[in-house]
Amino acid sequence: MNLSKNYKFWFCTGSQDLYGDECLRNVAEHSRIIVDELNKSGVLPFEVVLKPTLITNELIRKTFNEANIDEDCAGVIVWCHTFSPAKSWILGLQEYRKPLLHLHTQFNEEIPYDSIDMDFMNENQSAHGDREWGHMVTRMGIERKVVVGHWTSQAVREKIASWMRTAIGIVESSHVRVMRVADNMRNVAVTEGDKVEAQLKFGWEVDAYPVNEIAEAVGAVSESDTNALVDEYYDKYEILLEGRDADEFKRHVAVQAQIEIGFERFLEEKNYQAIVTHFGDLGALKQLPGLAIQRLMEKGYGFGAEGDWKVAAMVRIMKLMSAGMKDAKGTSMLEDYTYNLVPGKEGILQAHMLEICPTIAEGPISIKCQPLSMGDREDPARLVFTSKEGPGIATSLIDLGDRFRLIINSVDCKKVEKPMPKLPVATAFWTPQPDFATGCEAWILAGGAHHTAFSYDVTAEQMGDWAAAMGIEAVYIDNNTNIRDFKKDLMLGNVVFGK
Ligand code: MN
């Protein structure tokens, strides 16, 4: 998927007029070179835009407010080339509302041993200028990312690139609108939550629609549009009849094609970027949306099953954060389904009734048509595949009654040992870090759900920074986790975030 906006990041250099015009000319020239080289590096996913050197309260305040208003600006990068008295920044920082990166670098990489004099020292003093600035941001309690190192370093550039993607997740969060088709599944706790609080914290709009209103939009899709999409499916995917009549199979597939088109038109018309369904409340829909939802997720829509709007919004945000990423491996809703408990081979088989995003697939993708064994509808068509190997993160956003908590588990995705020919759903398989038993124990202690928003492409650090920007608690379960310390993390969260 691609982002609809052409986001940019502003580069603001802090200085002052104490050291004369020549120094300020050098400061501006150095910043221009840094910005040009960052843009030319090919590492950053978004353009950096150089702003005039900030030396007065008025200009700082004006620049930050312009950044607030500019819809294409997704964040500001600040670096203090010289000392920049931080009281000058108070008003601007107080009024600034977008993501902030403190790039703690300096123009020269090496101390120029032979030529260094006091003029050089005064001009190249981010080592103390950036400390003055950082002090103020900390004192004001403003969330920001700090990246340290020389601006030519690949590691530094990759950190800036990673933060840019976090910033997209932050600024886009308040544009996420989730369409609820029917209510949450009855009696289920973990998919529930406070939608007003979610809008306060994350900016999400979560609205319900009667299922038959969207079913009418599906019914309005013409046969020719439907058949054209069915042809596309038959070109793109393997067809696994498994003894079913070919025409009957195709009619089942056409139901999903009509749902895909009808849902997408309805979502677009009403400006929603994420959707939930519920297998127990399908109204006039002939099948549970399976293949249709899988295709919508592939296009970038968020999805949550059984009314799980928190997962739908999180899938959307994680897709936005990885949008346009080179060699992206995929992002999907998943569900912890069943275990392999054989010693040394422990892991969790991830699946759902149908709705797994094909972006995570590896190898061929096939269409199958099978009974659902739940609900009372036609056998739904669905895409079936297995998923990629490698590290990923599973996240669960839960509502604890007094607050939201984001649980972030680093997981290692693997191939299952043997094919599962009788399983008619897409799957993934992973072992949670630090190991199966500790990972599952920590997840359950933290209150993590069975539905997750999973990504190979978004990192635990990015999601933790996103949670911090939203002002909510985040806990990490990874190779550094042990249960004794993890319980202390949860206790600390109760103290800091509990009401
Ligand atoms: Mn489920």
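Residues numbered from 1 in each chain as written. Predicted model: local features only at pLDDT ≥ 70, side-chain atom pairs only at ≥ 80, totals over all residues. Heavy atoms only, no water.

1. Overview of the layout of surface pockets
- Estimated volume of the largest pocket: approximately 700 Å³.
- The wall of the largest pocket is formed by 30 residues, among which Arg97, Lys98, Pro99, Ile170 and Ala469 lie closest to the centre.
- The set of elements that each furnish at least two residues to the lining of the largest pocket consists of helix H2 (57–69), helix H6 (154–173), helix H7 (195–202) and helix H14 (460–470).
- Broken down by element, the lining of the largest pocket gets its largest block of residues, 5 residues, from H6.
- Here the residues of the lining of the largest pocket are counted per class, giving 14 nonpolar, 7 polar and 9 charged.
- Approximately 490 Å³ is the volume attributed to the second largest pocket.
- Forming the boundary of the second largest pocket are 20 residues, of which Glu158, Ala161, Ser162, Arg165 and Met325 lie nearest the centre.
- Elements that contribute at least two residues to the lining of the second largest pocket include exactly H6 and H14.
- Considering every element that reaches the lining of the second largest pocket, the biggest residue donor is H6, with 7 residues. (1 Å grid on protein atoms, 1.4 Å probe; cavity = no way out; pocket = protein on both sides within 12 Å on 5 of 7 lines; lining within 4 Å. Points joined across faces, edges and corners; volume = space filled by probe spheres on them. Helix = DSSP H or I, 4+ residues; strand = E, 2+ residues; numbered from the N terminus. Nonpolar A, V, L, I, M, F, W, Y, C, P; charged D, E, K, R; others polar.)

2. Some words on the coordination of the manganese ion
- Here the manganese ion is held by Glu306 (OE), Glu335 (OE), His352 (NE2) and His451 (NE2), and the distances to it run 2.1 to 2.2 Å.
- In primary sequence terms, the donor set of the manganese ion follows E-x28-E-x16-H-x98-H. One end of the pair, glutamate 335, is in strand S11 (residues 331–340); the other, histidine 451, is in strand S18 (residues 451–455), with 116 residues separating them in the sequence.
- A relative accessible area of 9% means that glutamate 335 is categorised as buried.
- By relative accessible area, histidine 451 is classed as buried at 1%. (Donors = N, O, S within 2.8 Å, 3.2 Å for Na, K, Ca; no water. Buried < 20%, exposed > 50% of the residue type's maximum accessible area, 1.4 Å probe, protein only.)

3. Thoughts on the sheet that holds strand S9 (residues 274–276)
- Reading across from one edge, S7-S6-S9-S10 is the order of the 4 strands in this open sheet, with parallel pairing throughout. In this open sheet, the two strands that pair with only one neighbour each are strand S7 (205–209) and strand S10 (302–304). Between one strand axis and the next, the sheet turns through 20° on average, direction left out of account.
- In this structure, strand S6 (residues 177–181) lies alongside S7, joined through 5 bridges in parallel fashion. Residue pairing across strands places arginine 180 opposite alanine 208, the latter belonging to S7.
- Taken strand by strand, helix H10 (residues 246–269) contacts S6, S7 and S9, and its axis lies near 125° from that of S9. (Pairing = 2+ DSSP bridges. Axes fitted to C-alpha atoms, helices over the stretch in contact; angles between N-to-C directions. Contact = heavy atoms within 4.5 Å.)

4. Considering the sheet that holds strand S1 (residues 8–14)
- Pairing is parallel in the open sheet, where 5 strands are placed in the order S2-S1-S3-S4-S5. Bordering the open sheet on either side are strand S2 (47–50) and strand S5 (145–148), each of which pairs with just one other strand. Between one strand and the next, the sheet's axes are offset by a mean angle of 30°, whatever the strand orientation.
- Bridging between strand S4 (residues 100–104) and S5 involves 4 bridges; their strand directions are parallel. Note on S5: the bridge partner recorded for histidine 102 is valine 146.

5. Here we look at the side chain of arginine 177
- Following the sequence through the fold, arginine 177 ends up in strand S6.
- The exposure class of arginine 177 is buried, given its relative accessible area of 16%.
- Engagement of the side chain of arginine 177 in a polar contact is seen with the side chain of glutamate 205, the distance being 3.2 Å.
- Polar side-chain contacts of arginine 177 include one of 2.7 Å to the backbone oxygen of asparagine 271.
- Filtering out sequence-adjacent residues up to four positions away, arginine 177 remains in contact with Glu205, Asp207, Lys270, Asn271, Tyr272, Gln273 and Ala274. (Polar contact = N/O pair within 3.5 Å; in protein donor to acceptor, adjacent residues only side chain to side chain.)

6. As for the nonpolar core
- With 88 residues, the main nonpolar core has Ile160, Trp204, Met463 and Trp466 as its most contacted residues.
- A per-element tally of this core places helix H12 (residues 309–321) first, with 10 residues.
- Filtering out sequence-adjacent residues up to four positions away, isoleucine 160 remains in contact with Leu38, Leu44, Ile77, Leu101, Leu103 and Val147.
- In this structure, Val253, Ile356, Ala361 and Tyr456 belong to the second largest nonpolar core, which totals 32 residues. (Core = buried A, V, L, I, M, F, W, Y, C linked by side-chain atoms within 4.5 Å.)

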